[in-house]
Amino acid sequence: MRQKKKDPLCQVREQLEQEIERLQQSLETVNSNFDNVSDPDLVDSYIYELNALSFRYKYLLRQMRELH
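Owing to the predicted nature of the structure, the values given are computational and were not obtained by experimental measurement.

Caption draft 1: Looking closely at the overall build of the protein. Counting its regular elements, the protein contains two helices and zero strands. In summary, the protein has a C-alpha radius of gyration of 17 Å against a globular reference of 11 Å for 68 residues, an excess of more than 25%. Based on the C-alpha atoms only, the size of the protein along its principal axes is roughly 60 × 30 × 10 Å. Long-range contacts, defined here as pairs at least 24 residues apart, represent 64% of the contacts in the protein between residues at least 6 apart. Accessible surface for the protein amounts to roughly 5800 Å². Of this, 50% is attributable to carbon and sulfur atoms. Here the protein contributes 10 positive and 12 negative side-chain charges, whose respective centroids are spaced 17 Å apart.

Caption draft 2: Focus on the environment of Ile-20. Take Ile-20: it is sitting in helix α1 (residues 8-35). The residues touching Ile-20, leaving out its near neighbours within four places in the chain, are Tyr-57, Leu-60, Leu-61 and Met-64.

Caption draft 3: Here's a closer look at the packing of α1 against helix α2 (residues 40-67). Direction vectors running N to C along α1 and α2 enclose 160°, while the axes themselves pass 9 Å from each other. Here α1 lies roughly antiparallel to α2, going by the angle between them. Both α1 and α2 take part in a crossing whose hand is left-handed. Looking at the contact of α1 with α2 residue by residue, the classes come out as 18 nonpolar, six polar and five charged.

Caption draft 4: Representation of the environment of Leu-50. Within the secondary structure layout, Leu-50 lies in helix α2. Residue classification places Leu-50 among the buried residues on the basis of a relative accessible area of 14%. Sequence-wise, Leu-50 and Gln-18 are 32 residues apart; in three dimensions their C-alpha atoms are separated by 19 Å. Aside from chain neighbours lying at most four places away, what touches Leu-50 is Leu-27, Val-30, Asn-31 and Phe-34.

What counts and what doesn't
- Residues numbered from 1 in each chain as written.
- Predicted model: local features only at pLDDT ≥ 70, side-chain atom pairs only at ≥ 80, totals over all residues.
- Heavy atoms only, no water.
- Helix = DSSP H or I, 4+ residues; strand = E, 2+ residues; numbered from the N terminus.
- Rg over C-alpha atoms; globule rule 2.2 N^0.38 Å.
- Contact = heavy atoms within 4.5 Å.
- Areas by Shrake-Rupley, 256 points an atom, 1.4 Å probe, with all protein chains shown as cover.
- Lys, Arg positive; Asp, Glu negative; His and termini not counted.
- Charge placed at Lys NZ, Arg CZ, Asp CG, Glu CD.
- Axes fitted to C-alpha atoms, helices over the stretch in contact; angles between N-to-C directions.
- Parallel < 35°, antiparallel > 145°, perpendicular 65-115°, else oblique.
- Left-handed = near helix turned anticlockwise from the far one by under 90°.
- Nonpolar A, V, L, I, M, F, W, Y, C, P; charged D, E, K, R; others polar.
- Buried < 20%, exposed > 50% of the residue type's maximum accessible area, 1.4 Å probe, protein only.

Geometric descriptors of this kind do not, in isolation, establish any biological role.
Next up, the structure:
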């Protein structure tokens, strides 16, 4: 029995969805960590990490919109 190949656009969409889901989980983890630290250096590092993840998340959402 032959497997039907997925449409390349569908594959890209699935990859984006998976990456978006991973980023959502990372954002939740970093937010939780941020809420539980008091050391100024750790606070700064989590702020930078949250910003970086947020920019990546926005980028992936924009890519997803462009596919539709």
